[in-house]
Structures are given as C-alpha cells and as structure tokens.
Amino acid sequence: MQGISTSLKRLLLASIACVLGSAALTYIVDPLQLFRPSRLGTAFYSDDTRVQNAGLIRSQSFDTAFMGTSLAIHFRQSDIDRVLGVRSLKLAMTGSNSRQQGFVLEQAIDRGARRVIWAMDDFIFVDAADIEADPYLSVDLYRGTAKGIASYLFNAAMAKESVFALLRSVPPLRTPLTRAAPYLPLKFALPDVDDIYALPRDFDVTSGYNAKRTRAAFAYITAPARSRFLGEGYGYDVMVRHFERDAVGLIARYPDVIFDIYFPPYSILQFVAMRDASPETLKIVTDLTARIAQDLTQLPNVRLHDFRAIKHVTHDLGNYSDVIHHSPVIDAKVLAWLANGEYRVDPKAPLMSLDELKAQVEAYRVER
C-alpha cells in the first residue's frame, strides 16, 4: 500500500515538474513575443491575428496602427510605411467587429500609436458579444492580466511552438526547419512580420481577381435561397449604438491621435445586390453611413475618406475576387488616395460622395 502511495506522489511531482517546465520554456522562448522581442533567434509570426496582435503591440516599434477586416488584411506594412511615411503596425482581423477593433486599437494607442488608419466597413457594427465575453479574442492576454499570462504560459500549443522555435535556433537545424515551417503543424511559421496574412509576392492577381469570380459571387449571394443573409445582423439602431460606443467613444478618448478613416471601395455589385435582393438592408447601410459621415467629419482629429463612388474602380469587376474584396492593385491605390487626400470627405458636404454612390447604384444595370 505504501508503495502505491509513493508511486502516486512521484507521478504527481513529475507531472507538476513537466507543467512548470513547459511554462518556463514558453516564458523563455516567448513565441508570441509578449514579454520581449525575440532574442533566441529569428522571430516567427502567426496568421492568427487575434492572438498575434497581442504580441505585436508589445514587441514592435510603431507610430501608426492600421485596422480593418478581411478587406485590409492583405496590405503590407512596408507598403503602408513607404507611401504614407509612417512606421505602421497592421492589426487587421478577418471578420472582426467594431468591439474587437476598438479594443485592439485602444491597446495600440496606449502603446504609442499617434495615428490610426481604419478601413471602416458598415458590417463591423452588427450586434456582437461584449468584449469581456468574446470567445474569439482574449482581453486578458492583451491586458497582461494574471489570467491572460497563465493561459499563455500553461498552453500546450504554445509549448509546442516554443519547442520548434528552440530547435530553429540551433544553427544546423535553422535553415531546414525554417523552410519546412509552413508545412509543419505550427502557427508561428512566418519569418517576416510583413508577410502576416499578405498575399505571396508571386501571387497571380488575374486568377484571383477577375470579373468572372465577381459575377459568380453576385449570383450566389442574390439567389433566393441565400439573399436573406445579405441583411443578417443588420439593424439601424443597434449599429448606430455600436458606432457611437466603439468608434466615436474611442476617438473622443484620444483627442491627440489622428484618425484616417476610410470607406473601402467595394464593387458596385455589393450595393446592387442589396438593391435587388434586400432593399431594406441597403437603406440601413446608406442611412448608417450617412450618420457616420456626418458625425466623423465634425470631429477635429478625424479625416474621413470615401472610396465607394470611384466609378472607374468599383465598376471594373476585374478588380475583385467577389463583390467586396479588391485586389492588391487597388490596395496600392487606396494608400495613394490616403496620401494625397483626393477623396477626403468635405465636412461642409459630408453626404456628397454618398449621394453620388446612391445615384450610381440606382442607375447600374447588371449584365445577364
């Protein structure tokens, strides 16, 4: 009996030692760079932006935060820096809502961002879980609370990443493991922060973005069986409330930070789809963006840009992979427009570009 008890004690002590050893390894290697910039060797980054952003905010040097959804995810920080003359940190998160974006931006501002470039989609303001209860974004990890740090240090997946990072720091293993990293069960496999969610430099733009794909997406979302999804989650009063809390509230708390906010250049088919299949959704969107334009243009630290009525871009369906996601060619144009202020909304006429867009949507006829 005494032998069994001794064995159990040894097993328990060994288990505790393994757990503490794993946590110590994660702390030393720090794959997320939550405690310090990488020192053991080449840093690696993850495309899991909701987790990766917590480490980037703490380990990177920046003066500008770049935020958005999947429409902003493919921008490269090096392009933003070159065109706008800033030191940027891309924090765009696919499918993110305004609560998540506002929270992450606030962390970046508190760590030194003096300028925010924000691709503001209307659908980020749909109803969403409270940030404290958001299952997809750990506020404790961002805030560095005891709970957040513990969840990081005692995470088996992070321990695995730490082991691979340690192995990659061994000179004979560095090159082969770095080359193999994208094909291994690793999240932290990108050797350059500039490559986070960016398209490969040799990506075939014409195959990924063309009119055939755009028209197919339009047909798909306007099919009677699926058109109800066009307005899923949309409600004017709720969206205005989220806009006031997550955007206006954030901007008001940081009067010394400049906010360059832009409406992305969706294809005209995004609005035509709502016109034809869900007109009540189109009214919510236009009413909401009218409210956003009127409110933001009155804030002294906001420069609002509206790219939705640039006809030579939005009517050229070859620029898109579906009805909203534009190609890297348009990414470059967006940066140029932000740099020269060509499509900045006039505070004295905040609805001018929206009225132009409405006229375009009404006049557009879909090729059948």
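Residues numbered from 1 in each chain as written. Predicted model: local features only at pLDDT ≥ 70, side-chain atom pairs only at ≥ 80, totals over all residues. Heavy atoms only, no water.

**Q** Before we go on, may I ask you to explain the side chain of His 326 in this structure?
**A** Tracing the backbone shows His 326 in the loop between helix H14 (311-314) and helix H15 (328-340). Since its relative accessible area comes to 4%, His 326 is described here as buried. Among the polar contacts made by the side chain of His 326, one reaches the side chain of Asp 331 at a distance of 3.1 Å. Among residues more than four places away in sequence, those in contact with His 326 are Leu 71, Phe 75, Tyr 209, Pro 265, Asn 319, Tyr 320 and Asp 331. (Helix = DSSP H or I, 4+ residues; strand = E, 2+ residues; numbered from the N terminus. Buried < 20%, exposed > 50% of the residue type's maximum accessible area, 1.4 Å probe, protein only. Polar contact = N/O pair within 3.5 Å; in protein donor to acceptor, adjacent residues only side chain to side chain. Contact = heavy atoms within 4.5 Å.)

**Q** In this structure, what is going on with the sheet that holds strand S3 (residues 88-90)? I would like to understand it.
**A** Consider a sheet: its strands pair through backbone hydrogen bonds, and that pairing is either parallel or antiparallel. On the basis of which strands lie adjacent, the open sheet formed by five strands has the order S3-S2-S4-S6-S7 and parallel pairing. Either end of the sheet is taken by a strand with one partner, and the two such strands are S3 and strand S7 (302-306). Across the sheet, the mean angle from the axis of one strand to that of its neighbour is 15°, orientation sign disregarded. When strand S2 (residues 64-67) meets S3, the two strands line up parallel, connected through three bridges. (Pairing = 2+ DSSP bridges. Axes fitted to C-alpha atoms, helices over the stretch in contact; angles between N-to-C directions.)

**Q** Would you mind showing me how to read H15 here?
**A** One full turn of an α-helix is made of 3.6 residues, so residues set three or four places apart face in the same direction. The terminal C-alpha atoms of H15 lie 19 Å apart, and with 13 residues this matches the ideal 18 Å at 1.5 Å per residue to within 8%. For H15, the complete set of buried residues consists of Ile 330, Asp 331, Val 334, Leu 335, Trp 337 and Leu 338. All buried residues of H15 project into a common sector of 160° when viewed along the axis, lining one side. Buried residues along H15 sit in contact with helix H3 (77-84), strand S4 (115-119), strand S6 (258-263), S7 and H14. Of the residues one or two after H15, Gly 341 is the one with positive phi, at around 65°. (Expected span 1.5 Å × (residues − 1). Arc of directions from axis to C-beta.)

Read these as layout, nothing more, since geometry by itself doesn't imply function.
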